[in-house]
Amino acid sequence: MHFWNSLPLFRLVIPFIFGIIFSYSLYTQWTYLLIPFLLVLLMIVHSFVKSFSLRWLFGIISSCLLVVFGLCIVQYSLDKNEDSYFAHFLNDDSILLVECIEEPIEKENSFKVLSKVISVDNKPTKGVLLIYLEKSIDSLKYGDRILISSKPNEIQLPLNPQQFNYKKHLNVRNVTHQVYISSTDFNLLNGAWGNKIIKCVNNIRNKLVAILSQSELNSNQLSVCTALLLGDKSEMSQELKQTFSESGVIHVLAVSGLHVGIIFLLINKLLMFMNKKQILKLLKVLILLFCLWSYAFITSLSPSVMRAATMFSFIAIADVMQRRTNIYNTLAASAFLLLIIEPSMIFEVGFQLSYLAVLGIVSIYPKIYPLLLFKSKWIDALWQLICVSLAAQIATFPLGIYYFHQFPNYFLLANILVIPLIPLIIYFGLFYLLMFDYAFVSEPVLLILKYFLNILFVILEGIQELPQTISSFLFLQAYEVVIFYVAIGFCLLFIYLKSSKYLILSLLCIVLMQFSHWNGQKNRENRSQLVFYSVNKHTVFGLVEKDKALFLANSELINNQKSQKFNLHNHWAFLKLNERELVDLDSNIQSQYVWKEQSHIQLANQKLLIVDHNFELKSIDNPIKLDYCILSVDFPVTNILEAYQPKTIIIDSRLPYYVARKIEDECNALQLRYHNLKTDGALVVNLMN
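What you are looking at is a predicted structure, and each value in this text was computed from that prediction instead of being measured.

Visitor: Teacher, can you tell me more about the overall build of the protein here?
Guide: Per the secondary structure count, the protein includes 25 helices and 23 strands. Against the 2.2 N^0.38 benchmark of 26 Å for 689 residues, the protein shows a C-alpha radius of gyration of 29 Å, consistent with a compact globule. Its C-alpha atoms give the protein principal-axis dimensions of roughly 100 × 65 × 60 Å. Here the protein, with 689 residues, has 46% of them falling under the buried criterion. The positive charge centre, built from 56 side chains, and the negative charge centre, built from 50, are 15 Å apart in the protein.

Quick look at the structure:
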């Protein structure tokens, strides 16, 4: 196939990516020995196999070599494989010397900062440590070194089914331990450390944030401007983020290819006069590269910005060399370069979505756009925007559902209305920052900027008020995502190559997806489960019957949407629940499957007792048999056994660790079965086989 042969870099990067993805399951300590073996084999085949019909052999060996290279480069980049990794030297009374490698990020109850561990008990080490600082500590900055007396703990696995795996998310980024420190647990050292270039960039960025903060923008306008111009979303409220997400335009807040492309086009347009001579053209490329990478540094070098800056750099260099670039090879080259530098980038959601979006645009857009032709340039521009949005959404929606379990139903309308505003906000925002010291220019610019921001908010609020703005609690298994993309790939091959076999293969993938859906539906028809969740400082449990569920929870959790979304929603999406009800624990309930009267509960055929702040122990002649007793407060188990005979004690995640441990010891002494939600995670009990 001539088209496939024209994509050498694209063909090379695919096996390399597979090697990175599977490095954690396929790598052994002897894997690296395959590299010289495959290299020798490759040279032998290249030298002695002259038959054109056997060229596939060279391709297979090259692909295997790239897979092995991907396997090895990941393991080589992991600090935990080094003898000097700091975790090997930790003791209960260890003193760690660490250096902040980023600016602290403000969280709800603390500051979060990544640091590299310089030494443990004066022994030189390497490795990255995640630090959570007490909220009262706000003086740390990039490059600061501190001595820590608190012992870091290994990051734990998620405690609830289908919950976001924060441990895996950080482990692939070389972070395995975290520590929380208060004002008494560390000492700040005097001195100047850190990269001077990064320090300079951070200072520039802080000054730009300060300029925006001094403007007359309100809090929402300021947070959107800071996100669009500088890639800083720390000041953005959760409600505003939710508004962008539900409208289907959350991607505009993440500084990525869209923003870098806008900057590239602006500078390229301004420097058009330099195209007349080759020497000026070379100077233009240098200016372009400087501006692109300066912007990338100011926006914290996020993976999506690095990808976009690298790709546009290749385009600019190819232009000055007077060579036509194949966009697929350009994408592959940028991915190859970034993944060699930092292989863990492949696991970044933004990295994956940005590449898929660009691939979708360059492969799907050219086939959609010619379907309708318009004489009016304004209607044609609108049609182009629709086609770009559709192409990007087709390419990213399976992965979007897999990660976020939702789909914005008005994404097309939102993108049509919002995307044209983004370049205007960026251009006037940058112009305002440049002209800040000249009030006679900056003040009118600020008025125009506020006008466009107000239009943006009116559009978003209007879309959010539409019925069924977002489809939530969607779920795709990893293999279903693969099937989706295989189906899309075969469909594109059918469109490009006009071969009916690819259409048949695409339809077979759809049939396979339908079979998976039917099988899941059949399993749900016979489902009956008890679920006890582990949510720190909260109580939540309930009954799942087929595709309906009722959960009992304390009022604080019912009012905490953020905690629900983080701990529970992924599992509810996995269960594909059509009806979900969260009821206050203090309520009395009488329904088909659930009955509750004060502290006594029956879920299906299971009898439960909850010992919480409302519980009153009454003397009973004949102890009541129970399936489960949930301890949400510190209450002696021996006292409960005077009136009840529980089969299993559930130690609630609302309890402090020392109380949960005390109850464990008591249950062990009484030879009573127990489950500690605090440490063992959620408990799911199937009531039907």
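Visitor: Looking at this structure, how should I read a nonpolar patch on the surface?
Guide: Taken together, the side chains of Ile 14, Phe 18, Ile 21, Phe 22 and Leu 26 make up a nonpolar region of the molecular surface, amounting to roughly 440 Å² of accessible area. If you tally residues by element for the nonpolar patch, the top one is helix H2 (residues 8–21), at 3 residues.

Visitor: Explanation requested: the sheet that holds strand E22 (residues 673–676) in the structure shown.
Guide: Strand pairing in a sheet is mediated by backbone hydrogen bonds. Such pairs are either parallel or antiparallel. Pairing is mixed in the open sheet, where 7 strands are placed in the order E16-E17-E18-E19-E20-E21-E22. This sheet does not close on itself; its edge strands, each paired only once, are strand E16 (589–590) and E22. Here 4 bridges tie strand E18 (residues 600–603) to strand E19 (residues 606–611), and the two strands are oriented antiparallel to one another. Looking at E19, one finds that Gln 602 is bridged to Lys 607. The sheet strands contacting helix H24 (residues 657–669) are strand E20 (624–631), strand E21 (644–651) and E22, and the helix crosses E22 at an angle near 165°.

Visitor: Explain the packing of aromatic side chains here, please?
Guide: Geometry of an aromatic ring pair is reported as the spacing of the ring centres plus the angle between the planes. Summed over the entire model, instances satisfying the criterion amount to 27 aromatic pairs. Taken together, a centroid distance of 5.4 Å and an interplanar angle of 25° make the contact between Phe 16 and Phe 69 stacked. Here Phe 16, found in helix H2, pairs with Phe 69, found in helix H5 (residues 55–77); they are 53 residues apart in sequence, far enough to count as distant. Ring geometry for Phe 264 versus Phe 312: centroids 4.8 Å apart, planes at 25°, classification stacked. With Phe 264 in helix H10 (residues 257–270) and Phe 312 in helix H12 (residues 303–320), the pair connects residues that are 48 residues apart, well separated along the chain.

Visitor: Teacher, can you tell me more about the pairing of strand E17 (residues 594–597) here?
Guide: Regular strands place their side chains on alternate faces of the sheet. Along E17, the buried face is formed by Val 594 and Lys 596; none of Trp 595 and Glu 597, which line the opposite face, is buried. Linking two consecutive strands that pair antiparallel, namely E16 and E17, is a turn of 3 residues. Sheet analysis places E17 next to E18, joined by 4 bridges and oriented antiparallel. The partner of Trp 595 across the bridge, within E18, is Gln 602.

Visitor: Just to check I follow, could you spell out helix H18 (residues 439–464) for this structure?
Guide: Between its first and last C-alpha atoms H18 spans 36 Å; for 26 residues at 1.5 Å apiece the expected length is 38 Å, and the two agree. Along H18, the positions that sit buried rather than exposed are Ser 442, Val 445, Leu 446, Leu 449, Phe 452, Leu 453, Leu 456, Phe 457, Ile 459, Leu 460 and Ile 463. Buried residues belonging to H18 abut helix H8 (219–230), helix H9 (238–247), helix H16 (411–418) and helix H17 (421–434).

Visitor: I'm lost on the side chain of His 177 in this one. Help?
Guide: If you trace the backbone, His 177 turns up in strand E8 (residues 175–181). For His 177, a relative accessible area of 11% translates into the label buried. Separated by 2.7 Å, the side chains of His 177 and Thr 176 make a polar contact. Apart from residues lying up to four places away in sequence, His 177 is in contact with Tyr 85, Phe 86, Ala 87, Leu 90, Leu 129, Leu 130, Pro 152, Asn 153, Glu 154 and Ile 155.

Visitor: What's the story with helix H7 (residues 196–214) in this structure? I'm lost.
Guide: An α-helical turn contains 3.6 residues, so a residue and the one three or four places further along point in the same direction. In this model H7 runs 27 Å from its N-terminal to its C-terminal C-alpha over 19 residues, within 8% of the 27 Å that 1.5 Å per residue would give. For H7, the full list of buried residues reads Val 201, Asn 202, Arg 205, Leu 208, Ile 211 and Leu 212. Residues of H7 that are buried sit in contact with H8, helix H11 (278–298) and H17. Between the side-chain oxygen at the start of H7 and the backbone nitrogen of Ile 197 there is a gap of 2.8 Å, and the oxygen is on Asn 195.

Visitor: In this structure, what is going on with the environment of Ile 315? I would like to understand it.
Guide: Position of Ile 315 among the secondary structure elements: in helix H12. Assessed through its relative accessible area of 26%, Ile 315 is described here as partly exposed. Separated by 74 residues in the primary sequence, Ile 315 and Lys 241 place their C-alpha atoms 33 Å from one another.

Visitor: Honestly, the environment of Leu 677 in this entry has me stumped. Any pointers?
Guide: Along the chain, Leu 677 falls in helix H25 (residues 677–680). A C-alpha to C-alpha distance of 5.9 Å links Leu 677 and Ile 651, two positions 26 residues apart in sequence. Discounting residues that sit within four places of it in the chain, Leu 677 has contacts with Leu 159, Phe 532, Tyr 533, Ser 534, Ile 650, Ile 651, Asp 652, Ser 653, Ala 682 and Leu 683.

Visitor: I'm lost on the nonpolar core in this one. Help?
Guide: Among the nonpolar cores identified, the biggest contains 89 residues, and Val 224, Phe 244, Leu 339, Ile 425, Leu 453 and Leu 456 are the most heavily contacted of them. The element contributing the most residues to this core is H18, with 10 residues. Non-local contacts of Leu 453, meaning those with residues more than four positions away in its chain, are made with Leu 217, Gln 221, Val 224, Cys 225 and Ile 425.

Visitor: Where do I start with the pairing of E20 in this structure?
Guide: With 6 of its 8 residues buried, E20 lies for the most part within the structure. Note: E19 against E20, 4 bridges, orientation parallel. Each bridged residue has a counterpart across the sheet, and for Leu 609 the counterpart in E20 is Cys 629. Strand direction decides the pairing type here: E20 and E21, joined by 7 bridges, are parallel. The residue of E21 that forms the bridge with Cys 629 is Ile 649.

Visitor: I keep staring at the confidence of the model for the protein and nothing clicks. Help me out?
Guide: Caution applies to low-pLDDT regions: their predicted coordinates should not be interpreted in detail. Overall, the predicted model of the protein reaches an average pLDDT of 85, with 94% of residues at or above 70. Per-residue pLDDT, averaged within each element of the protein, yields its smallest value for helix H1 (residues 2–5) (62) and its largest for E22 (94).

Visitor: Before we go on, may I ask you to explain the pattern of salt bridges in this structure?
Guide: As a working rule, side chains carrying opposite charge can pair if their charged atoms are close by. This structure, assessed with the given rule, holds 10 salt bridges. When the shortest N-O distance is used, the salt bridge between Lys 151 and Asp 92 registers 3.3 Å. One end of the pair, Lys 151, is in the loop between strand E6 (145–148) and strand E7 (153–154); the other, Asp 92, is in the loop between H5 and strand E1 (96–100), with 59 residues separating them in the sequence. We note a salt bridge from Arg 173 to Glu 348, for which the minimum N-O separation is 3.0 Å. With Arg 173 in the loop between helix H6 (166–171) and E8 and Glu 348 in the loop between helix H13 (327–341) and helix H14 (349–368), this residue pair connects regions lying 175 residues apart in the sequence. The exposure class of Arg 173 is buried, given its relative accessible area of 18%. For Glu 348, a relative accessible area of 23% corresponds to the partly exposed category. Here the salt bridges do not stand alone but share partners, grouping Glu 99, Lys 116 and Arg 145 into one network.

Visitor: Can you walk me through the sheet that holds strand E15 (residues 579–584) in this structure?
Guide: Pairing in this open sheet of 5 strands is mixed, and the strands run E15-E14-E13-E12-E23 from one edge to the other. Looking at strand neighbours, the two that pair on one side only are E15 and strand E23 (683–686), the edges of this open sheet. Across the sheet, the mean angle separating the axes of adjacent strands is 15° when strand polarity is ignored. Taken together, the 4 bridges between strand E12 (residues 528–532) and E23 define a ladder with antiparallel strand orientation. Bridging across to E23, Phe 532 finds its partner in Leu 683.

Visitor: Sorry, what's going on with unusual backbone geometry here?
Guide: Apart from glycine, the bulk of residues carry a negative phi angle, and the bulk of peptide bonds sit in the trans form. The phi dihedral of Asn 122 falls on the positive side, at around 70°, and the residue is not glycine. Considering the arrangement of structural elements, one finds Asn 122 in the loop between strand E3 (110–120) and strand E4 (123–124). Residues other than glycine seldom take positive phi values, yet Phe 473 does so here, at roughly 55°. Its place among the elements puts Phe 473 in the loop between strand E11 (470–472) and helix H19 (478–497).

What counts as what
- Residues numbered from 1 in each chain as written.
- Predicted model: local features only at pLDDT ≥ 70, side-chain atom pairs only at ≥ 80, totals over all residues.
- Heavy atoms only, no water.
- Helix = DSSP H or I, 4+ residues; strand = E, 2+ residues; numbered from the N terminus.
- Rg over C-alpha atoms; globule rule 2.2 N^0.38 Å.
- Buried < 20%, exposed > 50% of the residue type's maximum accessible area, 1.4 Å probe, protein only.
- Lys, Arg positive; Asp, Glu negative; His and termini not counted.
- Charge placed at Lys NZ, Arg CZ, Asp CG, Glu CD.
- Patch = residues over 30% accessible without salt bridge, like charges linked within 9 Å, V, L, I, M, F, W, Y side chains within 5 Å.
- Areas by Shrake-Rupley, 256 points an atom, 1.4 Å probe, with all protein chains shown as cover.
- Salt bridge = Lys/Arg side-chain N within 4 Å of Asp/Glu carboxyl O.
- Pairing = 2+ DSSP bridges.
- Contact = heavy atoms within 4.5 Å.
- Axes fitted to C-alpha atoms, helices over the stretch in contact; angles between N-to-C directions.
- Phe/Tyr/Trp six-rings, centres within 6.5 Å; stacked < 30°, edge-to-face > 60°.
- Expected span 1.5 Å × (residues − 1).
- Polar contact = N/O pair within 3.5 Å; in protein donor to acceptor, adjacent residues only side chain to side chain.
- Core = buried A, V, L, I, M, F, W, Y, C linked by side-chain atoms within 4.5 Å.
- pLDDT = per-residue confidence, 0-100.

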